[in-house]
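One-letter residues, chain by chain:
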Amino acid sequence: MEVGKLSVLLLFVIGVGSLEMRTWGSGSGSSSSVVTLDCGIHAMTPNTRVTIQTPNYPNDYDESYRCQWEIYCNSVENTTLTMSCPDFELEDSANCNADRLIIKDHDSRDVICGDDNPDGTTTVDGWMRLTFWSNIVKDTTAKGFRCHIWCHPKPDTINLPCIC
């Protein structure tokens, strides 16, 4: 593919986490790429985006799997994180006792499953922890999810450079 035709937004994420490039075909000999975060702790800067997804996405995820992402935006008190999940499908169960995604910020903790999409979730500040967990029951997995997380400055907030 020619460089001019490469339509990938490269995301620069500063932190202790690593990035992994996953590519999937989109038909007609073309492909698109998305940089997704591995499990772990990741830092962002205002006005950037990261992406998380279940293993094997868009195919069914594995059973007995756990992944936790801790994401924060510098500076935490002057920013918020917003989720957008264009695709979300986990195994459905009563009280989300089977497969689930736990979304935790400094103000709340939500447990979701099935097609209860967390699209539009916004944190009170620039920190969140997401934990994906699938149970050990065979043949009860689903497609999973892909979610984008944006770091935004809080309104009327001036972001000064970090003097660390």
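Rules used in this analysis
- Residues numbered from 1 in each chain as written.
- Predicted model: local features only at pLDDT ≥ 70, side-chain atom pairs only at ≥ 80, totals over all residues.
- Heavy atoms only, no water.
- Buried < 20%, exposed > 50% of the residue type's maximum accessible area, 1.4 Å probe, protein only.
- Helix = DSSP H or I, 4+ residues; strand = E, 2+ residues; numbered from the N terminus.
- Pairing = 2+ DSSP bridges.
- Axes fitted to C-alpha atoms, helices over the stretch in contact; angles between N-to-C directions.

- An unreviewed UniProt entry annotates the protein as CUB domain-containing protein originating from Petrolisthes cinctipes.

Description of the pairing of strand β10 (residues 144-153)
Part 1: Where burial is concerned, most of β10 is hidden: seven out of the 10 residues are buried.
Part 2: Bridge count between strand β4 (residues 49-53) and β10: five bridges; the pairing is antiparallel. Following the sheet pairing, Arg49 is matched in β10 by Trp150.
Part 3: Sheet topology note: the strand β6 (residues 79-89)/β10 ladder contains nine bridges and is antiparallel. In the sheet register, Glu89 faces β10, and the bridge partner there is Gly144.

Quick look at the sheet that holds strand β3 (residues 40-44)
Part 1: Read across the sheet, five strands follow the order β3-β5-β9-β7-β8 without closing on themselves; strand pairing throughout is mixed. Two strands lie at the open edges of the sheet, namely β3 and β8 (109-112), each paired on one side alone. Recorded for the sheet is a direction-independent mean angle of 15 degrees between the axes of neighbouring strands.
Part 2: Note that strand β7 (residues 100-104) and β8 share four bridges and pair antiparallel. Along β8, the bridge assignment pairs Leu101 with Ile112.

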